[in-house]
Amino acid sequence: ETLVDNVQSGKDLTTPFLGKDVVIGIVDNGFEYGHINFYNTDGTQLRVKRVWNQNKNGKAPSGFTYGTEYKTTDEILAAKYDVTDETHATHVTGIAAGADHTKSYYGVAGEADIVLVSYDLNDNTTDQVSLSDAMKYIYDYAESVGKPCVINMSLGSHIGPHDGTSTFDQVADNLQGPGKLFAGAAGNEGCDPMHLSKTFTSSDNTLKTFIDFLDNSDRYSMLDIWGEPGETFQITIDRYNISKNKSEYSETVNISGNGSKTISLNGISGYVEIYYEVNANNNKPNAFIVSEVNSMNSGYAIGITITATSGTVHIWADDYYSQLTGNGLSGWTDGDSKYTVGEIGGTGKNVISVGAYATRTGSYAREEGMIAEFSSLGPTADGRVKPDITAPGNQIISSYSSAQFYDSGICDNTTVNGKKYYYGYMSGTSMATPFITGVLATWLQANPTLSPNDVRNIFKKTARQDNYTGTISENGDNTWGFGKIDAWNGIKECIKMTAGIYEEKNNIPDVTIYTSGNGICHLLFGKTDNQTTISVYNTNGQLLKSTRLNSITIGQEEILNLSGFVPGIYIIHIKGNNIQKSQRIIR
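How each quantity is defined
- Residues numbered from 1 in each chain as written.
- Predicted model: local features only at pLDDT ≥ 70, side-chain atom pairs only at ≥ 80, totals over all residues.
- Heavy atoms only, no water.
- Buried < 20%, exposed > 50% of the residue type's maximum accessible area, 1.4 Å probe, protein only.
- Helix = DSSP H or I, 4+ residues; strand = E, 2+ residues; numbered from the N terminus.
- Arc of directions from axis to C-beta.
- Contact = heavy atoms within 4.5 Å.
- Axes fitted to C-alpha atoms, helices over the stretch in contact; angles between N-to-C directions.
- Parallel < 35°, antiparallel > 145°, perpendicular 65-115°, else oblique.
- Left-handed = near helix turned anticlockwise from the far one by under 90°.
- Nonpolar A, V, L, I, M, F, W, Y, C, P; charged D, E, K, R; others polar.
- Pairing = 2+ DSSP bridges.
- Polar contact = N/O pair within 3.5 Å; in protein donor to acceptor, adjacent residues only side chain to side chain.
- Salt bridge = Lys/Arg side-chain N within 4 Å of Asp/Glu carboxyl O.
- Core = buried A, V, L, I, M, F, W, Y, C linked by side-chain atoms within 4.5 Å.

Undergrad: Where do I start with helix 7 (residues 452-462) in this structure?
TA: Because an α-helix packs 3.6 residues into every turn, residues spaced three or four apart end up facing the same way. Taken as a whole, helix 7 has its buried residues at Pro452, Val455, Arg456, Ile458, Phe459 and Thr462. Buried residues along helix 7 cover an arc of 160° about the axis, so they all sit on one side. Away from the buried face of helix 7 by more than 90 degrees, exposed residues Asn453 and Lys461 are located. The inward-facing, buried residues of helix 7 contact strand 6 (180-185), strand 18 (352-357), strand 19 (389-392), helix 6 (429-446) and helix 8 (487-497).

Now the structure itself:
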């Protein structure tokens, strides 16, 4: 589907590309550190080079004060697992870097080195310090061994401004650069009513919605509300009688400056707490609302009314405990799924944000090729297009942790040296993201100085569009990004960018020849030449076409249009003062 097979086999390339001499970092939880998928293809050498479990007390990594680091294969294998009730990280790692060929469930970059970080499960700070620490740890290791690196975070949250100004986004943006990439999951809220926004005027000054508790046995909710710099707004909390369509009790809070207020809604057992501030990172007014209701009579709801005379306000519900609804009442608004790319993986300015589409049908997709219904939608709150790219993410098979697996997802197992390892299905942008991480590892093998901007430019040139994506503008699309990943044509762009570098290392041939369909043949030169003749012969040795070039420069591409030739096998012969090559092609 994505032409990764061509990258792995080296079709029309200088060599097979499987992430050799590249570090893949996975920040997650649910690792089986010694899964056979994390060895090399013959199962003799573990490719996991470092592990940092931030949740376990022990010998912390150099430069950090918490967690335990495992640095040798013996230490890593002895640790076995980070947790015993999750398999997410094992599945993610297998997609990016699995190499178990005893089955057909290996991943994209099976020769990459692997660094694993089990992030701090008790880090409830909005700054996500444990995650930025994880990124620094992985990049520092990669730098210490002189290798480029791509980090995967299949994580997400909707607490934050969604505009790239969160502390985590700013730190992560600063850590990235040439040879240091970061792929993040866009999120799985693409069909969930967990967002609302409104631009207010003096004559249109009210936005009203209700908290929709997703678990009536445990009514809990978190809402994060953000305005614009220099603006203010009011929040009114209602105990609302739905059956009578009227408020029976309300309190109003001005969101200006810093403060907090606890509201007890007479007649509802529980509380609503509002914490508000002008955020230091972006000067935006921000209100964080926590609701916990022990009991509430049938027919009642908690209403949220935002009032302002100017500016735009966004509301995000947590989507785990609660969403937003209008309850079918006039003047009250249902939540939508716009602006649902999440914090951590979806909103930074350098992060490669990944959406998911279906290569298998199932509960989240009616047809192969369509966007997965869960895949979160852009833009960011500051108007940037997100996600950047899409990859397969529905019903993906990869490695499962044997510490804790789910019988409903298991589809196969393999036994190596008397130990059983498991494989199973999972769905989400969590699965699409490591696919892109693996692809980026192969691209870094071809171009070790690839930057986030380089990656987006390659997506723009090579991402596939079809009947499902429709025509995507040069600026991208808030469902598909730049389209569906094309790993093969993308890596060719990487090779073009680095032809001069690879000539010095003798890792690129004098000329690379490949076809792109419809009789178009590409010749990419990796060496300078002059008085070069390009000839086309049939299999009987008959000369059919000849072109002469006075000079060739490194990285130059020439196009042979063979669309007028009948389908068959042809020989391309190139001869100059420095270059001589013949290659068969199929028209």
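Undergrad: Please explain the packing of helix 6 against helix 8 as it appears in this structure.
TA: Two packed helices can be described by the angle between their axes and the distance between those axes. The contact between helix 6 and helix 8 brings their axes to 9 Å, and the two run at 25°. Viewed along their axes, helix 6 and helix 8 adopt a mutual orientation that is roughly parallel. Every pair of crossing elements has a handedness; the one defined by helix 6 and helix 8 is right-handed. Contacts from Val439, Thr442, Trp443 and Ala446 of helix 6 reach helix 8 at Ala487, Gly490, Ile491, Cys494 and Ile495. The class makeup of the residues in the contact of helix 6 with helix 8 is seven nonpolar, two polar and no charged.

Undergrad: Help me understand the pairing of strand 16 (residues 312-317) in this model?
TA: Along any regular strand, the residues point their side chains to alternate faces of the sheet. Across the six residues of strand 16, six count as buried, placing the element largely inside the fold. Bridging between strand 7 (residues 195-199) and strand 16 involves five bridges; their strand directions are antiparallel. In the sheet register, threonine 199 faces strand 16, and the bridge partner there is threonine 312. Relative to strand 16, strand 9 (residues 219-226) runs antiparallel, the two being bridged by four bridges. When the bridges of strand 16 are listed, isoleucine 225 appears paired with isoleucine 315.

Undergrad: What is the right way to read the sheet that holds strand 12 (residues 259-263) from this model?
TA: Pairing between the strands of a sheet is mediated by backbone hydrogen bonds and can be parallel or antiparallel. Spatially, 7-16-9-14-13-12 is the arrangement adopted by the six strands of the open sheet, whose pairing is antiparallel. Looking at which strands have only one partner, the edges of the open sheet turn out to be strand 7 and strand 12. Ignoring which end each strand starts from, the neighbouring axes of this sheet average 15° apart. Here eight bridges tie strand 9 to strand 14 (residues 285-295), and the two strands are oriented antiparallel to one another. In the strand pairing of strand 14, arginine 219 is matched with valine 293.

Undergrad: Hey, could you run me through helix 8 in this one?
TA: Within helix 8, eight of the 11 residues are buried, which leaves it mostly tucked inside the rest of the structure. Residues of helix 8 that are buried include every one of Ala487, Trp488, Gly490, Ile491, Lys492, Glu493, Cys494 and Ile495, and no others. Of the residues that open helix 8, the one with a side-chain oxygen 3.3 Å from the backbone nitrogen of tryptophan 488 is aspartate 486.

Undergrad: Would you mind showing me how to read the pattern of salt bridges here?
TA: Close approach of charged atoms lets side chains of opposite charge pair. Taken as a whole and judged by the stated rule, the model has 20 salt bridges. Linking lysine 103 and aspartate 412 is a salt bridge whose minimum nitrogen-to-oxygen distance equals 3.4 Å. Of this pair, lysine 103 sits in the loop between helix 3 (88-97) and strand 4 (113-118) while aspartate 412 sits in strand 21 (residues 410-416), and the two are 309 residues apart along the sequence. In this structure, glutamate 557 engages lysine 496 in a salt bridge whose closest nitrogen and oxygen atoms are separated by 2.8 Å. Of this pair, glutamate 557 sits in strand 27 (residues 557-561) while lysine 496 sits in helix 8, and the two are 61 residues apart along the sequence. Judged by relative accessible area, which is 27%, glutamate 557 ranks as partly exposed. Since its relative accessible area comes to 21%, lysine 496 is described here as partly exposed. A network of salt bridges, in which partner residues are shared, links Lys461, Glu493, Lys496 and Glu557.

Undergrad: Looking at this model, I keep getting lost on the nonpolar core. Mind explaining?
TA: In a soluble, globular protein the nonpolar side chains are often hidden away together inside. Ile24, Trp443 and Ile485 are the most contacted members of the largest nonpolar core, which has 68 residues in total. Broken down by element, this core gets its largest block of residues, 10 residues, from helix 6. The contacts of isoleucine 24, once residues within four sequence positions are left out, are Ala96, Ala97, Ala109, Ala112, Asp113, Ile114, Val115, Val150, Thr437, Gly438 and Ala441. In terms of nonpolar packing, the next biggest core, distinct from the first, is built from 33 residues, Met194, Phe200, Leu207 and Phe213 among them.

Undergrad: Is there a simple way to think about the packing of helix 7 against helix 8 in this case?
TA: Relative orientation of the contacting elements helix 7 and helix 8 amounts to 125°, with a least axis distance of 9 Å. Considered as vectors, helix 7 and helix 8 are oriented oblique to each other. As for how helix 7 packs across helix 8, the hand of that crossing is right-handed. Note on element contacts: helix 8 touches helix 7 through Asn489, Gly490, Glu493, Cys494 and Met497, opposite Asp454, Ile458, Lys461 and Thr462. Split into classes, the residues belonging to the contact of helix 7 with helix 8 amount to three nonpolar, three polar and three charged.

These figures capture arrangement, not role.
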